[in-house]
Amino acid sequence: MLNLIKKEIALCVHPTAFIFLFFAVLVFVPNYPYEVIFFFSCLSIFFCCMMTRENGDIAFSCALPVKKEHIPFAKMLVVFGLQCIILLLVGVIAAIKGAVLPAEQYVNQAGISANLVLVGNGAILLGTFNLIFFPCYFKKPDKIGVPFVIGAIVVFFVIVVFIVLRWVTPLYSTTLNGLNSENTGAKSVALAIGIVIYAVLSAVSCKLSIKNFQRVDL
Amino acid sequence: MNALEVRELTKVYPEFTLDKVSFFVKQGHISGLIGRNGVGKSTTIKGILRLINAEGSVSVFGKDFLKEEMVVKQTIGYVGGGFRYYPMNTLAAIRKAYAPFYSTWNQSKYEKFLSQFELIESKKIKELSEGMKVKFALALALSHGAKLLIMDEPTSGLDPLSREEFCDIILQLVGEEGVSVLFSTHITSDLMRIADDIVYISQGKILAACPLACPLKELLCKYKLAHFSSLADASAVNAIGVKAVKKGYEGLLPRDMQISESIAVTDATIDNIIVHLEKENEEKKHVKSN
């Protein structure tokens, strides 16, 4: 498995996957729907899958001394790793923003502020994308466009839901909004819920993807 | 013990069926998998390597492929018609990713092959000629000590000189390294040059005339090519796969068949045998469907 992961990183990860990690700094942009940062992470998965297809990577990997089910698992582990890095970076850079900017500049008029809840929301978005995209992709690894478009539509829908929640519910607009130092307990719970949802959705996605990939004829 | 044993390999597609294909490859032998385009040669190879979900069993050096997949794959070198993977990567990058999968990877052997095949590791795959791509695939496959080479049309797209060079390399490998080889091709001159045995697939089945890995000479000795002046003459002796040619008709006859001296016969080449057996098969299929 470790060798497969190394091969993935060396030969299949598109450079944008690393470049888009730096988009975490977008949390410094005033009045911006910060959840969109996580969409770039989804976009990099699309590029990686394109690269996999153009390189004939799946056929190459299947001929290696590995079990067939290890191939989707390794690819997904690499993606999960990248997703965890973007979540971490957003959390860290958001905390830096909170520490260096005055409180009035910290308020986001386009959605939730850059805080722990944003990281939780991001985790839910990424988990949702994983659940939709990967099982569909590993059913027909040559068809990347349709799974991505469906995944992207759902991700944007969930982003809209988060933005609406920010404006219509007191929980999101007051309790979970603003600096991490305010209502830290509630924000931590929201983050934890997001991470749990991400883990569950990604695990289900993994299981379905492996099952679908077993049936694929290369 | 055979290097490869394939038993009743079956794969059903809506438009094509690979029907209970069974054959074996003897240790140290070169077996050619032949047949026209689309008869199931690549499907057979994919079935052997479990790249497709096919029924039937495959064993390599006595080990069941499914039960001991990881061990079996360590002994196989797969060359899928050149090297179509990672065109933008260098040979070195691919080798670095590939080698750790094989516990028996031999770096000095790999470097020896690179120098023998005149490959430069800093080059990208897209910069290699088709012949060089095949050589790189061979270098990778052989440097982990593969005892069985499975190749899917490795010589298609190669010029005659590169094909000749490829055949020389394979013969050298079999002679020096003792590897066994199964390769699919529709270039019969390559087959005649290096193959010990043939496995002849037609319409998804091993042809009845050659049910198992069949000594090539045996197949060539089985038929003669008869030239007839009329279709009636050909029908009278039940010639196989009769077809019109520039002057009259041609068909295959069993070599031991007694025929009148008025019928001209010559030695059948492998091309003749394939063409006429395929024609016979098509006619039978046509009769059945009517």
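Keep in mind it's a predicted model, so treat the numbers as computed, not measured. (Residues numbered from 1 in each chain as written. Chains lettered and ligands numbered in written order. Predicted model: local features only at pLDDT ≥ 70, side-chain atom pairs only at ≥ 80, totals over all residues.)

A. Representation of the interface of chain B and chain A. The interface of chain B with chain A comprises 20 residues on the first partner and 18 residues on the second. Of all elements in the fold, only α2 (69-74) and α3 (91-98) of chain B reach the threshold of two or more residues within the side of chain B that touches chain A. Sorting elements by how many residues they give to the side of chain B that touches chain A places α2 of chain B first, with four residues. (Contact = placed C-beta atoms within 7 Å. Helix = DSSP H or I, 4+ residues; strand = E, 2+ residues; numbered from the N terminus.)

B. Quick peek at the sheet that holds strand β5 (residues 63-64) of chain B. All names here are of chain B. Sheet architecture is open: four strands sit in the order β2-β1-β4-β5, paired in antiparallel fashion. At either margin of the open sheet sits one strand with a lone partner, and together these are β2 (17-25) and β5. Note: strand β1 (residues 4-12) against strand β4 (residues 55-60), five bridges, orientation antiparallel. Of the residues in β4, the one forming a bridge with Leu4 is Val60. In the packing of helix α1 (residues 41-48) onto the sheet, contacts are made with β1, β2 and β4, and the angle to β1 comes to roughly 115°. (Pairing = 2+ DSSP bridges. Axes fitted to C-alpha atoms, helices over the stretch in contact; angles between N-to-C directions.)

C. Spotlight on the nonpolar core. If you look at the biggest cluster of nonpolar residues, it comprises 142 residues, and the most contacted ones within it are Val90 of chain A together with Ala141, Leu148, Leu149 and Ile150 of chain B. Mapped onto the domain boundaries, this core takes at least three residues apiece from domain 1 (4-212) and domain 2 (219-289) of chain B. Setting aside residues no more than four positions away along its own chain, Leu149 of chain B makes contact with Gly77, Val79, Ala141, Val179 and Val181 of chain B. (Core = buried A, V, L, I, M, F, W, Y, C linked by C-beta atoms within 7 Å. Buried ≥ 20, exposed ≤ 12 C-beta atoms within 10 Å, placed from the backbone. Domains from an automatic or database assignment.)

D. Region of interest: the packing of helix α4 (residues 107-116) of chain B against helix α5 (residues 130-143) of chain B. Residue and element names in this part refer to chain B. Close contact between α4 and α5 brings their axes to 9 Å; oriented N to C, the two are set at 160°. With respect to their mutual orientation, α4 and α5 come out roughly antiparallel. The handedness of the crossing between α4 and α5 comes out as right-handed. On the side of α4, the interface is formed by Lys109, Tyr110, Phe113 and Leu114, while α5 contributes Ala139, Leu142 and Ser143. Residues of the contact of α4 with α5, tallied by class, amount to five nonpolar, one polar and one charged. (Parallel < 35°, antiparallel > 145°, perpendicular 65-115°, else oblique. Left-handed = near helix turned anticlockwise from the far one by under 90°. Nonpolar A, V, L, I, M, F, W, Y, C, P; charged D, E, K, R; others polar.)

E. Seen up close, the domain arrangement of chain B. Residue and element names in this part refer to chain B. Partitioning chain B into structural domains gives domain 1 (4-212) and domain 2 (219-289). Relative placement of domain 1 and domain 2: their C-alpha centres are 33 Å apart. Contact with domain 1, which involves 11 residues of that partner, is made by seven residues of domain 2. The greatest single-element share of the side of domain 1 that touches domain 2, amounting to three residues, is contributed by helix α7 (residues 188-194). Looking at side-chain class alone, the side of domain 1 that touches domain 2 contains seven nonpolar, three polar and one charged residues.

F. Quick look at the sheet that holds strand β14 (residues 249-254) of chain B. All names here are of chain B. Spatially, β13-β14-β12-β15 is the arrangement adopted by the four strands of the open sheet, whose pairing is antiparallel. Each edge of the open sheet is held by one strand with a lone partner, namely β13 (240-244) and β15 (264-267). Between one strand axis and the next, the sheet turns through 30° on average, direction left out of account. Examined bridge by bridge, strand β12 (residues 223-228) and β15 share four bridges and lie antiparallel to one another.

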